[in-house]
Amino acid sequence: MNELPQQLVNGLLLGSMYGLVAIGYTMVYGIVQLINFAHGEIFMTGAFGALTVYAYILPDGTPMAVALPLMLVGAVMVSVTVAVGAERFAYRPLRNAPRLAPLITAIGLSLALQQAVWAWYPDAKAARVFPEIQGGPFEIGNVTIQTGDIFLIIAAPISMGILAYFVMKTRTGRGMQATAQDPDTAKLMGVNTDRIIVIAFALGATFAAVGGVAYGLKYGQITFTMGFILGLKAFTAAVLGGIGNIYGAMIGGLVLGVAETLATAYVADIPGMDKFGSQSWADVWAFVLLILVLLLRPQGLLGERVADRA
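A brief structural summary. No experiment lies behind these values; they were computed from the predicted model shown.

It is worth spelling out the packing of helix H1 (residues 4-32) against helix H10 (residues 246-266) at this point. A pair of packed helices is characterised by two quantities: the angle between their axes and the separation of those axes. At a minimum axis distance of 6 Å, the contact between H1 and H10 shows a crossing angle of 140 degrees. Along this stretch, H1 crosses H10, giving a crossing that reads as right-handed. Its residues assigned to classes, the contact of H1 with H10 comprises 18 nonpolar, 10 polar and one charged.

Okay, here's the thing in structure tokens:
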């Protein structure tokens, strides 16, 4: 029990990263009812975009105070370019196709992006070392905050605040809400739904890029396959919170992160469960939670926000 505050903080940090990526899933689904399974790879390309800026563009010895904002810009540029390109050339032609077609396309795009990074980035098959923020760790009572988590602590609430303001207070945000509720009526009211959909993809990619940089700083390395499992967990977080619900995506991520961390830390202490508390079982517990939510509350914790377009 003395470790509980530390485990809760670890879970909240992990969940914040899940939530940043889950926002992309829930925004796209809320507007075009597409589950973009390539979103995990958009997260991955953002991390490699940040690493490219640091390793090949910035001069050697650039301090992280200068490098990190530029890395974040590079990550966002790469992720947004990939996401917008995917929407324009892969998803838009299939917008009126049966739902299975874009789903299969998303899976194929996911594999294609993995292989593209593996083929074109030097030594991508091996884990690439990500630059670190020097200093720390920091002690707050019985809780230790690692230096790599500082960026996530700052970026996650700022990102959510900006998103909330954008969706609720700007004209484009209101256009997104209208398109999500009824795209045909939104068109009649003068909303450019194609533009709104592109913006949704771009915003989701921006948050995924922030999550990719946070992942690299937290774990100190990135790989071309890292988007697959984390993307599935982010999708799980979106479903937990209520698919199509932006605030639900972040709350679902936090719940998933805390549940995964606590299960990994404490399940092994239960008699007869010592084999199920290792880190290798963390992914299993995440999906066990998803199954329970789908059985007990299939609409998610905050409920879906998707209009019935039948």
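Tracing the sequence through the fold places Asp60 in the loop between helix H2 (39-57) and helix H3 (64-91). Given the relative accessible area of 78%, Asp60 is considered exposed.

As a further point, take the packing of aromatic side chains. The description of an aromatic ring pair rests on the distance of the ring centres and on the angle between the ring planes. One pass over the structure, following the stated rule, counts seven aromatic pairs. With a centroid separation of 5.0 Å and an interplanar angle of 70 degrees, the aromatic rings of Phe48 and Tyr121 are classed as edge-to-face. Here Phe48 is found in helix H2, whereas its partner Tyr121 is found in the loop between helix H4 (100-120) and strand S1 (128-129), with 73 residues between them in sequence. Here the aromatic residues Tyr25, Phe37 and Phe235 are joined through ring pairs into a cluster of three or more. When the ring centre of Phe89 is taken as origin, the NZ or CZ atom of Arg88, which lies over that ring, is 5.6 Å away. Against the face of Tyr219 rests Lys218, its NZ or CZ located 5.7 Å from the ring centre.

This part covers the nonpolar core. Counting 84 residues, the largest nonpolar core has Ile23, Tyr91, Phe151, Leu163, Met176 and Ile222 as the members making the most contacts within it. Of all the elements, helix H8 (residues 193-219) adds the most residues to this core, at 16 residues. Once residues within four sequence positions are removed from consideration, Met176 is found in contact with Met27, Ile31, Phe166, Ile196, Ile199, Ala200 and Leu203.

For the rest of this paragraph, the subject is helix H5 (residues 150-169). The end-to-end C-alpha distance of H5 is 29 Å, a good match for the 28 Å that 20 residues give at a rise of 1.5 Å each. What H5 keeps buried is the set Phe151, Leu152, Ala155, Ala156, Ser159, Met160, Leu163 and Val167. Along the axis of H5, the buried residues cluster in a sector spanning 135 degrees; they form a single face. Exposed positions of H5 whose direction lies more than 90 degrees from the buried face are Pro157, Ile162, Tyr165 and Lys169.

What follows is about the pattern of salt bridges. A full pass over the atoms with the stated rule returns five salt bridges. Put simply, Glu87 and Arg92 hold a salt bridge, and the shortest N to O gap is 3.0 Å. Residue Arg92 is classed as partly exposed on the basis of its relative accessible area, which comes to 25%. With a shortest N-O distance of 3.0 Å, Lys218 and Asp149 are connected by a salt bridge. Here Asp149 lies in the loop between strand S3 (143-145) and H5 and Lys218 lies in helix H8, a separation of 69 residues in the sequence. According to the relative accessible area criterion, Lys218 is partly exposed, its value standing at 25%.

Analysis parameters
- Residues numbered from 1 in each chain as written.
- Predicted model: local features only at pLDDT ≥ 70, side-chain atom pairs only at ≥ 80, totals over all residues.
- Heavy atoms only, no water.
- Axes fitted to C-alpha atoms, helices over the stretch in contact; angles between N-to-C directions.
- Helix = DSSP H or I, 4+ residues; strand = E, 2+ residues; numbered from the N terminus.
- Left-handed = near helix turned anticlockwise from the far one by under 90°.
- Nonpolar A, V, L, I, M, F, W, Y, C, P; charged D, E, K, R; others polar.
- Buried < 20%, exposed > 50% of the residue type's maximum accessible area, 1.4 Å probe, protein only.
- Phe/Tyr/Trp six-rings, centres within 6.5 Å; stacked < 30°, edge-to-face > 60°.
- Lys NZ or Arg CZ within 6 Å of the ring centre and 35° of its normal.
- Core = buried A, V, L, I, M, F, W, Y, C linked by side-chain atoms within 4.5 Å.
- Contact = heavy atoms within 4.5 Å.
- Expected span 1.5 Å × (residues − 1).
- Arc of directions from axis to C-beta.
- Salt bridge = Lys/Arg side-chain N within 4 Å of Asp/Glu carboxyl O.

Function cannot be inferred from these measures alone, as they are strictly geometric.
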